[in-house]
Amino acid sequence: MPLALLALAVGAFGIGTTEFVMMGLLPDVADDLHVSIPTAGHLVSSYALGVVIGAPLLAAVTSRMSRRAVLIGLMGLFVVGNALSAFAPDHHWLLAARFLSGLPHGAFFGVGAVVATGLVAPERKARSVSLMFLGLTVANIAGVPVATLMGQHLGWRATFLGVSVIGVAAIASLALLIPRDHAPAPAGGLRGELAALGSLPVWLALGTTVAGFGALFSAYSYITPMLTDAAGYADGSVTLLLALFGVGATAGNLLGGRLADHSLRGTLFGGLASLVAVLALFPLLMGAQWSAAVGVTLLGTAAFVTGSPLQLMVMEKAAAAPSLASSANQAAFNLANAGGAWIGGLALAAGFGATSPAVAGAMLAVLGLGVAAVAYAVDRRRALVPDGAAGGRLVATHVPRPTEPARR
């Protein structure tokens, strides 16, 4: 695999760290800025909103630029956003800085996926995407715990300065390792790219991402009360268990990339079916501490097996606008984050018990399987019915026999 993938992974590591570290720093930030924890929680939503808006917008605006220059520019915006977060004087300024930090997130992964697949042979595309995402999953093992400890001992502002340093290292890596390129102007301009993004197969792929990862976040958003109230773990043990989730996510990401190069659709269906099984079994797994630890690891594995296949599928379905489609998939991922957490919260609020968000997640995963099945059926139908066939049907034409004079 090309060394340039390491540069993409470094950028992904920084992005993954700044995205998830805020959850662990909320009490410190709330105390320092004199706001309540629910109010400080808006900082998580602000970042996610930046991702959803910035992913398709920045990908569309930069579609005619060199992808190497775009990646460096996006990481520069990432550094600025985190540096401003470190020096934010109050909660409102920090909200704005977090929004700014989220803007380059989706576009970086979107453009990075296009660059990664262009660096390798066709039979290694999914594996190259998984190696870029490796930085994101490793961030949950090492980046987030270390950044959280730094914030607790040196102050939360030091955390965002540290993340800015990671961003600077990523810029240096991108400039050194990513080959220079000249992106061709997209056919049909921005309107042509938007048209490519608007096809039914693309939307079905994006819908699978929303449902599949919504299933994950329905459970993962409430993993702490599951581990403490249902499995009986002490609060201090949760950080180690979340690192186990990161280990599972890393294994699933690498496994999904390798398998998807052999069977993209099979890996997607297998990953979603595994996610249904793990989430459905979560109430039982939370019955003992050892099985709860196994369940958390399996949750990360099952969910992230589908990451690379979904990213590659969206890119293939919108071949005329791969950067825009790939970035839109990252926006879908963050919509899944917000929507899954909301659905899991509804299950808790209804009084169904501490593990009910996992059961709700299993239902979302079944929905994801359904959407993936519809996408497969649509692809099969389009393969059988050629484009331009009248009324969407095969039309028989008269073919003269050898002994019959051709009609004029």
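It should be emphasised that the depicted structure is a prediction, and the values quoted were computed from it without experimental measurement.

### With respect to the overall build of the protein
Summing up its helical and strand segments, the protein has 16 helices and zero strands in all. By residue count, 52% of the 408 residues in the protein fall in the buried class. Contacts spanning at least 24 positions in sequence make up 83% of the contacts within the protein whose residues lie at least 6 apart.

### Here we look at the layout of surface pockets
Empty space within the largest pocket amounts to approximately 980 Å³. Lining of the largest pocket is provided by 33 residues; of these, Phe20, Met23, Gly24, Tyr220 and Ser221 occupy positions nearest its centre. With six residues, the single largest contributor to the lining of the largest pocket is helix H3 (residues 42-61). Here the lining of the largest pocket is composed, by residue class, of 20 nonpolar, eleven polar and two charged.

### Here's the deal with the side chain of Thr209
With respect to the element layout, Thr209 can be found in helix H9 (residues 200-220). On the basis of relative accessibility, which here comes to 1%, the residue Thr209 falls in the buried class. Excluding residues that lie within four positions of it along the chain, Thr209 makes contacts with Gly214, Leu310, Asn329, Ala332, Phe333 and Ala336.

### Some points on unusual backbone geometry
Residue His34 is not a glycine yet carries a positive backbone phi of 60°. You can see His34 is positioned in the loop between helix H1 (4-33) and helix H2 (37-40).

### Quick notes on the packing of helix H14 (residues 307-317) against helix H15 (residues 322-349)
At a minimum axis separation of 8 Å, H14 and H15 run at an interaxial angle of 140°. On the basis of the axis angle, H14 is oblique to H15. H14 and H15 meet at a crossing whose hand is right-handed. Touching Leu310, Gln311, Val314 and Met315 of H14 are Pro322, Ala325, Ser326, Asn329 and Gln330, all from H15. Taken together, the residues of the contact of H14 with H15 sort by class into five nonpolar, four polar and no charged.

### With respect to helix H6 (residues 125-154)
One full turn of an α-helix is made of 3.6 residues, so residues set three or four places apart face in the same direction. Helix length check: H6, at 30 residues, gives a terminal C-alpha distance of 41 Å against a target of 44 Å (1.5 Å per residue), a fit within 8%. By the largest-angle criterion, Ala139 marks the main kink of H6, which is about 55°. Phi turns positive one or two residues past the end of H6, at Gly155, with a value near 100°.

### So, the nonpolar core
Judged by nonpolar contacts, the single largest core of 56 residues is most densely connected at Leu216, Leu227, Leu275, Leu279, Phe282, Met286 and Leu299. Ignoring any residue separated from it by four or fewer positions in sequence, one finds Met286 in contact with Met226, Leu227, Ala230, Ala231, Ala292, Val296 and Thr355. Grouped together as the second largest cluster of nonpolar side chains are 33 residues, Val70, Phe109, Ala113 and Met315 included.

### Considerations on the environment of Phe269
Relative to the helices and strands, Phe269 resides in helix H12 (residues 264-285). Along the sequence, Phe269 and Ala373 sit 104 residues apart, while their C-alpha atoms lie 8.4 Å from each other. Not counting residues within four places of it along the chain, the set of residues in contact with Phe269 comprises Leu369, Ala372, Ala373 and Tyr376.

### Quick notes on the confidence of the model for the protein
In low-pLDDT regions, the fine details of the predicted coordinates are not to be read closely. Taken as a whole, the protein shows an average pLDDT of 84; of its residues, 89% reach a score of 70 or greater. A low-confidence stretch, residues 386-408 stays under pLDDT 50, and its non-local contacts, those more than four residues away or across chains, total ten contacts.

### Some words on empty space enclosed by the protein
Applying the stated criterion to the full structure yields two cavities of 30 Å³ or more. For the largest cavity, the lining is made up of 16 residues, of which Phe133, Phe213, Gly307, Gln330 and Phe333 are closest to its centre. For the lining of the largest cavity, the secondary structure elements donating two or more residues are helix H5 (91-118), H6, H9, H14 and H15. Classifying every residue of the lining of the largest cavity by side-chain character gives seven nonpolar, nine polar and no charged. Here the second largest cavity is characterised by a volume of approximately 60 Å³. Around the second largest cavity, the lining residues are Phe20, Leu136, Asn140, Leu216, Phe217, Tyr220, Phe245, Phe304 and Phe333.

### Looking at the packing of aromatic side chains
Within this structure, the stated rule accounts for nine aromatic pairs. Centre to centre, the rings of Phe109 and Phe133 are 5.5 Å apart; their planes meet at 40°, and the pair counts as tilted. You can see Phe109 sitting in helix H5 and its partner Phe133 sitting in helix H6, a full 24 residues away along the chain. With a centroid separation of 6.4 Å and an interplanar angle of 75°, the aromatic rings of Phe245 and Phe304 are classed as edge-to-face. One end of the pair, Phe245, is in helix H11 (residues 238-260); the other, Phe304, is in helix H13 (residues 289-304), and 59 residues separate them in sequence. Comparing Phe245 with Phe304 shows no difference in burial state: the two are buried. A connected cluster of aromatic rings, assembled from ring pairs, spans Phe213, Phe217, Tyr220, Phe245, Phe304 and Phe333.

Rules of the game
Residues numbered from 1 in each chain as written. Predicted model: local features only at pLDDT ≥ 70, side-chain atom pairs only at ≥ 80, totals over all residues. Heavy atoms only, no water. Helix = DSSP H or I, 4+ residues; strand = E, 2+ residues; numbered from the N terminus. Buried < 20%, exposed > 50% of the residue type's maximum accessible area, 1.4 Å probe, protein only. Contact = heavy atoms within 4.5 Å. 1 Å grid on protein atoms, 1.4 Å probe; cavity = no way out; pocket = protein on both sides within 12 Å on 5 of 7 lines; lining within 4 Å. Points joined across faces, edges and corners; volume = space filled by probe spheres on them. Nonpolar A, V, L, I, M, F, W, Y, C, P; charged D, E, K, R; others polar. Axes fitted to C-alpha atoms, helices over the stretch in contact; angles between N-to-C directions. Parallel < 35°, antiparallel > 145°, perpendicular 65-115°, else oblique. Left-handed = near helix turned anticlockwise from the far one by under 90°. Expected span 1.5 Å × (residues − 1). Bend = angle between axes of the 7 residues up to and from the residue. Core = buried A, V, L, I, M, F, W, Y, C linked by side-chain atoms within 4.5 Å. pLDDT = per-residue confidence, 0-100. Phe/Tyr/Trp six-rings, centres within 6.5 Å; stacked < 30°, edge-to-face > 60°.

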